[in-house]
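Fold and contact review
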Amino acid sequence: MSRRVYLDHNASTPVHPEVVAEMLPYWTERFGNPSSVHGFGREARDAVDTARARIAGFLRAAPEEIVFTSGGTESDNLAVKGLALGGARGHLITSQIEHHAVLRTCQALEAGGLAVTYLPVDQHGLVDPDDVKRAIRPDTVAISVMHANSEIGTVQPVAAIGAIAREHGIPFHVDAVQSFGKIAVDPAALGIDVLSMSSHKIYGPKGIGALYIRRGTRMVAIQHGGDHERRRRAGTENVPGIVGFGKAVELRDREMRPEAERLQALRDRLADGVRARLDDVRLVGHSVERLPATANLAFRQVESESIVLGLDLKGVAVSAGSACTAGHVEPSHVLAAVGLPVDWAMGAVRCSLGRSTTAEDVDYVIECLETVVGKLRRLLPTGSL
Amino acid sequence: VKYSSVLIDHFLNPRNAGLMRDPDAVGQGEYEGCGDLARFFLRVREGQVGEVRFQAYGCGPTIAAASVASELMGGRAVGDLLHVKPDEIEHALDGLPEERRHAAEVVAQALRAAAQDWHQKEDHRV
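Presented here is an overview of the structure given in this document. Predicted, not measured: the structure shown is a model, and the values here were computed from it. Position labels on residues start from 1 in each chain and follow its written sequence. All chains are assigned letters beginning with A, and all ligands numbers beginning with 1, in the order in which they are written. Per-residue local features are limited, in this predicted model, to residues with pLDDT of at least 70; the limit for side-chain atom pairs, both in listing and counting, is 80 or more; totals at the level of whole chains, interfaces and linings are taken over all residues. Heavy atoms from the whole structure form the basis of all side-chain values; hydrogens and water molecules are not counted.

This paragraph deals with the sheet that holds strand β8 (residues 209-213) of chain A. Residues and elements named next belong to chain A. Paired strands, as defined in this entry, are two strands with at least two bridges between them according to DSSP. Secondary structure elements follow DSSP: runs of H or I no shorter than four residues count as helices, runs of E no shorter than two count as strands, and numbering proceeds from the N terminus. Here we have 7 strands laid out as an open sheet, ordered β2-β8-β7-β6-β5-β3-β4, and mixed in their pairing. Single-partner strands in this sheet number two, and they are β2 (66-69) and β4 (115-119). For this sheet, the mean inter-axis angle between neighbouring strands, taken without regard to orientation, is 20 degrees. Note that strand β3 (residues 91-95) and strand β5 (residues 140-144) share 4 bridges and pair parallel. The partner of I93 across the bridge, within β5, is I143. The contact rule is simple, with two residues in contact once any of their heavy atoms fall within 4.5 Å. Comment: axis = line fitted to C-alpha atoms, over the contacting stretch for helices; angle = value between 0 and 180 degrees taken between N-to-C directions. Packed onto the sheet, helix α2 (residues 39-58) meets β2 and β7 (194-198) and runs at close to 115 degrees relative to β2. Helix α6 (residues 158-168) contacts β5 and β6 (172-175) of the sheet and is inclined by roughly 160 degrees relative to β6.

Right under this line is the structure:
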């Protein structure tokens, strides 16, 4: 295998070399605990503060509005459970296409007595803000709608939903794990009270994430211990991770806009190229309101896992829209929610581009998809017995 | 998920894939859990399997299992196919991950169905 092409950046990204360089001293020489009063502690504290300021600046927020967590899943858990104030009573509004970190947290709260409305989406994966308005009840404690969907890339009308939330005085959480650092996110301008972020989706290290919590937002902590993170999240800070996350955000500030433009052109080249060469291919998600580097392509009557395997054997990494567990395959909840027919949904493949992706890579992937899908289709049973 | 080199080879280069004109027997297996499907066509000469062709829809292991089985069955008595077990196919693939064992099952089911089809036709001929 000569060529290797990674088109799974929505799953994870390689850590930027400048990020690695910035992190290195914090494993060894500057290993102090930021809570310690001595010099070792102070230099670690300074590093955490610098990273916090960088992330806050990127969001046009105040540093004290940023809380570090262990990643996107923890951020979502803290946001949803924290806003539900423990979650024994009340009502929460979310959508059917949230990441499992939000969906399963809602389900857990539901089991404990909280009522949850799971809003549907249209065929493009968009939540209708009017549906949000209609779902509001006197006891609604929070609204949680993601910014961009990781599978299909659809970007939600968060500004409109944020305005509704503000109008009704309901806290609004946005899971921005997949959009943060890829498209502009300004929580204050969008009416967002709490925003989840992750580092490893934007060329930072794994195991670190953050929450933006607008000043004055009422939330409870879900992890108890010391007074870290203004008592929002107890636990000694992951200093190297925080340093890396801060650096990754600083780099995104510089690279995000030009890269988005470049990747959008490559993404369209990929989708157009595949559709020109193969029949029965569909682009899933919204044609415009979509992440610049995500293309979810559904190939009718082909099993996505065999496409992924076929591509993998040609050095290309993408991800399947349906996962097989113990011989049971179902299209993802996102593909089901957008109403994609099963014979299409079973063949959905997500391609997510990133900083290393070139036009040559894209052309190679188009070629590979034509070969792999063509071959799998030739194996298909014809007619019925 | 890790696959054997035999499985990968059969997935990449499926043997005996495609339709057969006027087959002596046809059988299909389907796995409800994931919709995987294998269909076998047999040419039978004096009670023995001559040519085997297959068509398949499903994950890589299902395609590989159908391919490897198409080689295994050549030359066997059709009666033997009535008792084909998934273990034999799995063994020929050098193993299957636990969560992909349905691949061997769906193929074994299709082969048994093809053998039954031939026997039924035989009964009619007699």
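What follows deals with α2 of chain A. Residue and element names in this part refer to chain A. Taking 1.5 Å as the rise per residue, α2 with 20 residues should run 28 Å; its terminal C-alpha atoms sit 29 Å apart, in good agreement. Turning to α2, its buried residues are G41, A44, A47, V48, A51, R52, I55, A56 and F58. Each buried residue of α2 lies within a common arc of 165 degrees when the element is viewed along its axis, so the set occupies one face. Contacts made by the buried residues of α2 are with β2, β7 and α8 (239-277). Once α2 finishes, R60 follows within two positions and takes phi at roughly 55 degrees, a positive value. Take the residue count of a helix, subtract one, and multiply by 1.5 Å to get its expected span. Using a 1.4 Å probe on the protein chains alone, a residue whose accessible area is under 20% of its type maximum counts as buried, one over 50% counts as exposed, and one in between counts as partly exposed. The arc under discussion is defined with respect to the helix axis, by the directions toward the C-beta atoms.

Turning to the sheet that holds strand β3 (residues 48-57) of chain B, a few remarks are in order. Residues and elements named next belong to chain B. Taken in spatial order, the 3 strands line up as β1-β2-β3 in an open sheet, and their pairing is antiparallel. Both edges of this open sheet fall to β1 (25-31) and β3, since each of them pairs with a single strand only. The average undirected angle you get between the axes of adjacent strands in this sheet is 20 degrees. Strand direction decides the pairing type here: β1 and strand β2 (residues 36-45), joined by 7 bridges, are antiparallel. Looking across to β2, one finds that Y31 is bridged to D36. Its contacts with the sheet place helix α2 (residues 60-73) against β2 and β3, and it is angled at close to 175 degrees to β3.

Another point: the layout of surface pockets. All names here are of chain A. The volume enclosed by the largest pocket comes to roughly 600 Å³. Taken together, 31 residues line the largest pocket, and the ones lying closest to its centre are H99, H100, S150, E151 and R350. Of all the secondary-structure elements, those providing two or more residues to the lining of the largest pocket are α3 (72-83), α4 (100-111), β12 (319-320) and α10 (333-337). Under this grouping Gly is polar, as are all residues other than the nonpolar Ala, Val, Leu, Ile, Met, Phe, Trp, Tyr, Cys and Pro and the charged Asp, Glu, Lys and Arg. Residues belonging to the lining of the largest pocket are distributed by class as follows: 9 nonpolar, 15 polar and 7 charged. Both cavities and pockets are sets of points on a 1 Å grid over the protein atoms alone; in a cavity a 1.4 Å probe fits but cannot get out, in a pocket the set is open with protein on both sides within 12 Å along at least five of seven lines, and lining residues sit with an atom within 4 Å of a point. Grid points are joined across faces, edges and corners, and a volume is the space filled by probe spheres set on the points.

This paragraph deals with the interface of chain B and chain A. One frequent convention defines the size of an interface as the accessible area lost when the parts assemble. Contacts between the two partners involve 28 residues from chain B, matched on the other side by 23 residues from chain A. Note on terms: buried area is the combined drop in 1.4 Å-probe accessible area of two parts once they are placed together, counting the loss on both. Where chain B abuts chain A, roughly 2100 Å² becomes buried across the two surfaces, and 64% of that area is made up of carbon and sulfur atoms. The largest share of the area that chain B buries against chain A comes from F11, R39 and Y57 of chain B, three residues that together contribute 27% of it. When a carboxyl oxygen of Asp or Glu is within 4 Å of a side-chain nitrogen of Lys or Arg, the pair counts as a salt bridge. Counting the contacts that link chain B with chain A gives 1 salt bridge. For the salt bridge of E305 of chain A with R100 of chain B, the shortest nitrogen-to-oxygen distance reads 3.0 Å. Whenever a nitrogen or oxygen atom comes within 3.5 Å of another N or O atom, the pair is scored as a polar contact, on the condition that within protein one atom can donate a hydrogen and the other can accept it, and that pairs from neighbouring residues in sequence are kept only if both atoms are in side chains. For the interface between chain B and chain A, the tally reads 8 residue pairs in polar contact (both at pLDDT 80 or more). Of all the secondary-structure elements, those providing two or more residues to the side of chain B that touches chain A are α1 (5-12), β1, β2, β3 and α2 of chain B. Along the lines of polarity and charge, the residues of the side of chain B that touches chain A split into 16 nonpolar, 8 polar and 4 charged.

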